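Residues per chain, in single letters:
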Amino acid sequence: MLLLISPDGVEEALACAKAADHLDIVDVKKPDEGSLGANFPWVIREIRGAVPSDKPVSATVGDVPYKPGTVAQAALGAAVSGATYIKVGLYGCTTPEQAIEVMRGVVRAVKDFRPDAFVVASGYADAHRIGCVSPLALPDIARRSGSDAAMLDTAIKDGTRLFDHVPPEACGEFVRLAHDAGLLAALAGSVKREDLALLTRIGTDIVGVRGAVCEGGDRNAGRIQPRLVAEFRAEMDRHAREHAAAPAAS
Ligand SMILES: O=C[C@H](O)COP(=O)(O)O
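Residues numbered from 1 in each chain as written. Predicted model: local features only at pLDDT ≥ 70, side-chain atom pairs only at ≥ 80, totals over all residues. Heavy atoms only, no water.

The protein carries the name (5-formylfuran-3-yl)methyl phosphate synthase in an unreviewed UniProt entry, which gives Streptomyces pakalii as its organism. According to the UniProt record, the Catalytic activity (unreviewed entry) comment for the protein reads "2 D-glyceraldehyde 3-phosphate = 4-(hydroxymethyl)-2-furancarboxaldehyde phosphate + phosphate + 2 H2O". Within the UniProt record for the protein, the comment given under Function (unreviewed entry) is "Catalyzes the formation of 4-(hydroxymethyl)-2-furancarboxaldehyde phosphate (4-HFC-P) from two molecules of glyceraldehyde-3-P (GA-3-P)." (UniProt positions renumbered as here; feature names shortened; annotations may be inferred.)

Draft legend 1. Local environment of the sheet that holds strand β6 (residues 149-153). The 8 strands lie next to each other as β1-β2-β3-β4-β5-β6-β7-β8, forming a closed barrel whose pairing is parallel. Taking the axes of each pair of neighbouring strands and ignoring which way they run, one obtains an average angle of 25 degrees across the sheet. Of the strand pairs in this sheet, strand β2 (residues 25-28) and strand β3 (residues 57-63) are connected by 3 bridges, and their pairing is parallel. Bridge assignment links V28 to a residue of β3, and that residue is A59. Across the face of the sheet, helix α4 (residues 96-113) comes into contact with β4 (85-89) and β5 (118-124) while running at roughly 155 degrees to β5. (Pairing = 2+ DSSP bridges. Helix = DSSP H or I, 4+ residues; strand = E, 2+ residues; numbered from the N terminus. Axes fitted to C-alpha atoms, helices over the stretch in contact; angles between N-to-C directions. Contact = heavy atoms within 4.5 Å.)

Draft legend 2. Region of interest: the state of the cysteines. Taken as a whole, this structure holds 0 disulfides when the rule is applied. In this structure C16 is a free cysteine whose sulfur lies 9.1 Å from that of C214, the closest cysteine sulfur available. C132 takes part in no disulfide bond, and the closest cysteine sulfur, belonging to C93, lies 8.1 Å away. C132 gets classed as buried once you look at its relative accessible area, which sits at 9%. (Disulfide = S-S within 2.5 Å. Buried < 20%, exposed > 50% of the residue type's maximum accessible area, 1.4 Å probe, protein only.)

Draft legend 3. Broad picture of the packing of aromatic side chains. Here the structure, examined in full by the defined rule, presents 3 aromatic pairs. Between F40 and W42, the ring centres sit 4.7 Å apart and the planes meet at 10 degrees, which makes this aromatic pair stacked. (Phe/Tyr/Trp six-rings, centres within 6.5 Å; stacked < 30°, edge-to-face > 60°.)

Below, the structure written as structure tokens:
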């Protein structure tokens, strides 16, 4: 399982750089603009320069409206600024068809510029609270749009977590659907260390984290701490070892 950490700017990205041995992807966002809030192009560029070159930089394009042209142009902006993972939160899409249209534009805009870029179609575990496409529709949306991964995060950061909205069994189904479609499955949403056993067991490819590696577990007032990133990673590795050693379920 890969570890994606979301700093809110250059200062926290430098904390990520200090913990670079313990993480896999640095995901630039602007949490005060939403769960997948987009940061400025110059911030993405500066973070790309600050993070070791072997660590991919991801950028969120925002909790986007159903405006395919606007979103495609924003996604290209993230890629031009140095991000190689482009994450789109399909906040304003109420049907799979709308979401596919948005993601097709993103895939074309990004891959015409950089064919090896990695496009992530993200929905929300708490979609029922905001009226957007349902979580289990995401793998098919990602596949039909030519995206590389399907992701879930939570839209409303009020202390509720991924498994509060999409129980582990349904998250397992999400991962299965993504894998059947040839995609990676990414999961996030106030994930804590105690969730790692389940996330490992269901075969999650990427876990996205912010609050759990911030001081006091506070994604808003706390800052990312390299020590917490290292501890989170150690726990991931422990579960990976235990899972590998366990007899396969019949
Ligand atoms: O992409 C990952 C998100 O930033 C997760 O943030 P969170 O762990 O605070 O919910």
